[in-house]
Amino acid sequence: MFGRRGVSGPTSTSGSAQGLAPAPNPAPSPAPATSPPPSTDLAPPAAAPSAAQPSQAAPAVPSPAAVPEAPKPTPAPTPPVQAEPAPKARRSDYYDIKTDVFSAMIDTIDLAQLTRMDNDSAREEIRDVVTEIIALKNLAMSIADQEMILEDICNDVMGFGPLEPLLARDDIADIMVNGSDNTFIEVDGKVQLTSVKFRDNQQLMNICQRIVSQVGRRVDESSPICDARLLDGSRVNVIAPPLAIDGPTLTIRKFKKDKLTLQQLVNFGSITPEGATVLEIIGKSRCNVVISGGTGSGKTTLLNCLTAFIEQDERIITCEDAAELQLQQPHVVRLETRPPNLEGEGTVTMRDLVKNCLRMRPERIIVGEVRGPEAFDLLQAMNTGHDGSMGTLHANSPREALSRMELMITMGGFSLPSRTIRDMITSSVDIIVQASRLRDGSRRITHITEVMGMEGEVITTQDLFVYELLGEDANGKIIGRHKSTGVGRPNFWDRARYYNEENRLAAALDASAIDDERLSA
Ligand SMILES: Nc1ncnc2c1ncn2[C@@H]1O[C@H](COP(=O)(O)OP(=O)(O)O)[C@@H](O)[C@H]1O
Ligand SMILES: [Mg+2]
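Along each chain, the written sequence defines residue order, and numbers are assigned to residues from 1. A letter from A marks each chain and a number from 1 marks each ligand, given out in the order of writing. Only residues with pLDDT of at least 70 are given local features in this predicted model, and only at 80 or more are side-chain atom pairs given and counted; all residues enter the totals for whole chains, interfaces and linings.

Engineer: In this structure, what is going on with the overall build of the chain? I would like to understand it.
Structural biologist: Put simply, DSSP H or I for four residues or longer makes a helix, DSSP E for two residues or longer makes a strand, and each gets a number counted from the N terminus. Assigned secondary structure in the chain consists of 16 helices and 15 strands. Partly exposed residues are those falling between the two cut-offs: more than 12 but fewer than 20 other C-beta atoms within 10 Å of their own, whereas 20 or more means buried and 12 or fewer means exposed, with C-beta atoms placed from the backbone. Burial analysis of the chain (521 residues in total) assigns 42% to the buried set. Each residue gets a C-beta atom placed from its backbone, and two residues are in contact if those atoms lie within 7 Å. Contacts in the chain between residues at least 24 apart in sequence constitute 57% of all its contacts with a sequence separation of at least 6.

Printed below as a string of structure tokens:
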């Protein structure tokens, strides 16, 4: 598994070493007035004695002017519920002092040696040196200020600068940096602006570079798009100028160590206890499931929940773009796709993985996200004795999920008549579970839908459970209810019976039937 970043260990060692290594190809910042020195955050002191700015290869004007005024903690426009650990007030000369201390540190410390240390020891070393410098220079500072400078400098040298406090928070789902001035986060389903700012786009670019260099990749003007992963498993995308017009744009989907459980989803009201029971039976009785939903709607979370009901003795193979699933069973093989290397070679696609899976004697195949022609292979797998396989895809309703699957296969270059593709879908997929993020930020499971068969050219489906919107309360929170649609005997009844679950299934459906014939009509 992934070591948490910041924890000492082999992974973090290599990470920090990489992080300090000069960027192979400095990205030209959008337009620094003066030509920048080598654009690592930390140019080796010999090479650039003028690297006086803290952690920054910004325009080589060693005047304090290059360092922006201490950002008066700008209150975020939207009232951030807890947008950030409140930016502690910084004394007005904070950045001057930091610059001063930083350049003294650069002169003192052996950076090359620092790169060979593990993260914790390197931080320790930096702290020692900085504390000494502050003492030597006789700088009058409060303990709190001193601590802040220590932390800042460590983050600048070792970590991801202003992003560090956000990365350390566990309640954040996504971090979205749009250029140096705007950083948004998503907390509890709501996107909010934070007061995190980077000194300039160059600093941001250097941090992006440091992130992607950890996985041996590079981002610059000639290859401005890059996917990477933090050591803790968080997924990262960087798109840089000139493609991103307003500066480097960084998107991080934070990896949650503790995945939500189905019980938690019930507690949040994302699904009722009866709905959860139906999902449990679906998982246990080896239905083939497609989880559909928009970005960040909770597809992966739901997939992870469903895998909890797989028996301990089944051989499970997972295929993902970036390993997120956390299966609890003992017999799991985890596979991950690979992006092309710097030379543009070595790509391993999802389709390659899914195809290979079939030769690995899987009992269940779990595909993190189906985006392309692998849809075909997954359906084939579902169809050929790998019952209970699952995958997620991006669609806004169960119907749309069906047409997306068809489209992915058509676009994948399989010249099959659409009737054949639809037949294939109906004979493979048993259930579509729809996840949605509602406009109030809450996430709900809005449909549990069965794929029934074909009527003429059309795939027929049957909703077992739906979430019905009723309105909105005074605070803008959405009010609604989950209900079964009155289907007494779902299509997978026999399957459930085979696994001795038919009584629970009937009870769960009965209990949620609301006396209202509209939906089943
Ligand atoms: N039902 C839910 N209630 C609250 N938060 C949820 C729920 N489902 C998912 N989340 C959170 O939403 C974020 C995005 O979920 P994820 O499953 O990764 O979305 P997707 O795979 O659809 O992009 C995660 O931080 C996750 O913990
Ligand atoms: Mg996902």
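Next comes the rest of the description.
Engineer: How should the nonpolar core be read in this particular structure?
Structural biologist: One broad trend across soluble globular proteins is that nonpolar side chains are buried collectively. What makes a nonpolar core is a set of buried Ala, Val, Leu, Ile, Met, Phe, Trp, Tyr and Cys residues, with links drawn between C-beta atoms within 7 Å. One finds Val 278, Val 289, Val 354, Leu 378 and Val 433 to be the most contacted residues of the largest nonpolar core, which totals 63 residues. The element contributing the most residues to this core is helix H12 (residues 374-383), with 6 residues. Ignoring any residue separated from it by four or fewer positions in sequence, one finds Leu 378 in contact with Val 354, Ile 365, Val 367, Val 370, Ser 389 and Gly 391. Among the nonpolar cores identified, the runner-up in size contains 25 residues, and Val 177, Val 219, Val 236 and Val 238 belong to it.

Engineer: Would you mind showing me how to read the site of ligand 1 here?
Structural biologist: Close to ligand 1 lie 15 residues, the nearest being Ala 173, Gly 298, Lys 299, Thr 300 and Thr 301. Those elements giving two or more residues to the shell around ligand 1 turn out to be helix H8 (262-268) and helix H10 (299-307). Among the elements that take part in the shell around ligand 1, H10 stands out by supplying 3 residues, more than any other. Along the lines of polarity and charge, the residues of the shell around ligand 1 split into 4 nonpolar, 8 polar and 3 charged. In this analysis a residue is considered near a molecule or strand if the C-beta atom, reconstructed from its backbone, is found within 6 Å of that molecule or strand. Each residue is assigned to one class: nonpolar for Ala, Val, Leu, Ile, Met, Phe, Trp, Tyr, Cys and Pro, charged for Asp, Glu, Lys and Arg, and polar for all the others, Gly among them.

Engineer: Would you mind going over the sheet that holds strand S3 (residues 190-193) with me for this structure?
Structural biologist: By definition, the strands of a sheet pair up through backbone hydrogen bonds, in either a parallel or an antiparallel sense. What the 6 strands build is an open sheet, ordered S3-S2-S1-S6-S5-S4; its pairing is antiparallel. At either end of the open sheet lies a strand with only one pairing partner, and these are S3 and strand S4 (225-229). Neighbour-to-neighbour, the strand axes of this sheet turn through a mean angle of 15 degrees, independent of strand direction. Strands pair, by our definition, only if DSSP identifies at least two bridges between them. Sheet topology note: the strand S1 (residues 172-178)/strand S6 (residues 249-253) ladder contains 5 bridges and is antiparallel. By the bridge assignment for S6, Val 177 is matched with Leu 250. Under this scheme, a helix contributes an axis fitted over its contacting stretch, all axes are lines through C-alpha atoms, and angles between N-to-C directions fall in the 0 to 180 degree range.

Engineer: Looking at this structure, how should I read helix H14 (residues 418-428)?
Structural biologist: Listing the buried residues of H14 in full gives Ile 421, Arg 422, Met 424, Ile 425 and Ser 428. One side of H14 holds all its buried residues, which, seen down the axis, span an arc of 155 degrees. The exposed residues of H14 that point more than 90 degrees off its buried face are Arg 419 and Thr 420. Buried positions along H14 lie against H12, helix H13 (398-411), strand S13 (443-455) and strand S14 (458-472). The directions considered for the arc are those from the helix axis to the C-beta atoms.

Engineer: I'm lost on the pairing of strand S10 (residues 364-367) in this one. Help?
Structural biologist: Looking down a regular strand, the side chains alternate between one sheet face and the other. Here S10 shows no split at all, with Arg 364 and Ile 366 on one side and Ile 365 and Val 367 on the other all buried. Summarising the sheet, strand S8 (residues 316-320) and S10 pair through 4 bridges and their orientation is parallel. For Ile 317, the partnering residue across the bridge sits in S10 and is Ile 365. Summarising the sheet, S10 and strand S11 (residues 390-394) pair through 2 bridges and their orientation is parallel. In the sheet register, Val 367 faces S11, and the bridge partner there is Gly 391.

Engineer: So what exactly am I meant to see when it comes to the packing of H12 against H14 here?
Structural biologist: Packed helix pairs are specified by the crossing angle of their axes together with the interaxial distance, meaning the distance between the axes. Here H12 crosses H14 at 50 degrees, and the two axes come no closer than 9 Å. Viewed along their axes, H12 and H14 adopt a mutual orientation that is oblique. Crossing of H12 over H14 shows left-handed handedness. Residue-level contacts link Leu 379, Met 382 and Asn 383 of H12 to Met 424, Ile 425, Ser 427 and Ser 428 of H14. Split by residue class, the contact of H12 with H14 holds 4 nonpolar, 3 polar and no charged. Orientation is classified from the angle alone, with under 35 degrees giving roughly parallel, over 145 giving roughly antiparallel, 65 to 115 giving roughly perpendicular, and any other angle giving oblique. Handedness of a crossing follows from how the near helix is turned relative to the far one, being left-handed for an anticlockwise turn of less than a right angle and right-handed for a clockwise one.

Engineer: Explanation requested: the sheet that holds S10 in the structure shown.
Structural biologist: Strand order in this open sheet of 9 strands is S9-S8-S10-S11-S7-S12-S13-S14-S15, and the pairing throughout is mixed. Each of the sheet's edge strands pairs with one partner strand only, and the pair in question is strand S9 (332-336) and strand S15 (478-484). The average undirected angle you get between the axes of adjacent strands in this sheet is 25 degrees. Relative to S15, S14 is paired through 7 bridges, and the arrangement is antiparallel. In the sheet register, Tyr 467 faces S15, and the bridge partner there is His 482.

Engineer: Honestly, helix H5 (residues 143-158) in this entry has me stumped. Any pointers?
Structural biologist: For H5, with 16 residues, the first-to-last C-alpha span of 22 Å sits near the 22 Å given by 1.5 Å per residue. Inspection of H5 places Ile 149, Asp 152, Ile 153, Asp 156, Val 157 and Met 158 among the buried residues, and these make up the whole buried set. Each helix should span, by expectation, one fewer than its residue count multiplied by 1.5 Å.

Engineer: Mind showing me how you'd approach the pairing of strand S2 (residues 182-187) here?
Structural biologist: Alignment of S1 against S2, held across 6 bridges, turns out to be antiparallel. Along S2, the bridge assignment pairs Asn 178 with Asn 182. What sits between S1 and S2 in their antiparallel hairpin is a turn of 3 residues, with Gly 179 showing a positive phi close to 75 degrees. Linking S2 to S3, which pair antiparallel, is a turn of 2 residues; within it Asp 188 sits at a positive phi near 50 degrees.

Engineer: Where do I start with the confidence of the model for the chain in this structure?
Structural biologist: The predictor attaches a confidence to each residue, and that confidence, scored 0 to 100, is pLDDT. Summing up the model confidence of the chain, the mean pLDDT is 80 and the portion of residues at 70 or higher is 80%. Summarising per-element confidence for the chain, the mean pLDDT is lowest in helix H1 (residues 10-20) (37) and highest in strand S7 (residues 289-293) (97). Considering only residues more than four positions removed or in separate chains, one finds that residues 1-86, a stretch of pLDDT under 50, has 180 contacts. Scored below 50 in pLDDT, residues 517-521 shows 4 contacts in the model against residues more than four places distant or in partner chains.

Engineer: Would you take a moment to explain the environment of Glu 502 for this structure?
Structural biologist: Topologically, Glu 502 is positioned in helix H16 (residues 502-512). Owing to 19 C-beta atoms within 10 Å, Glu 502 belongs among the partly exposed residues under this scheme. Glu 502 sits 13 residues away from Arg 489 along the chain, and the two C-alpha atoms are 9.4 Å apart. In contact with Glu 502, other than residues within four places in its own chain, are Trp 493, Ala 496 and Arg 497.

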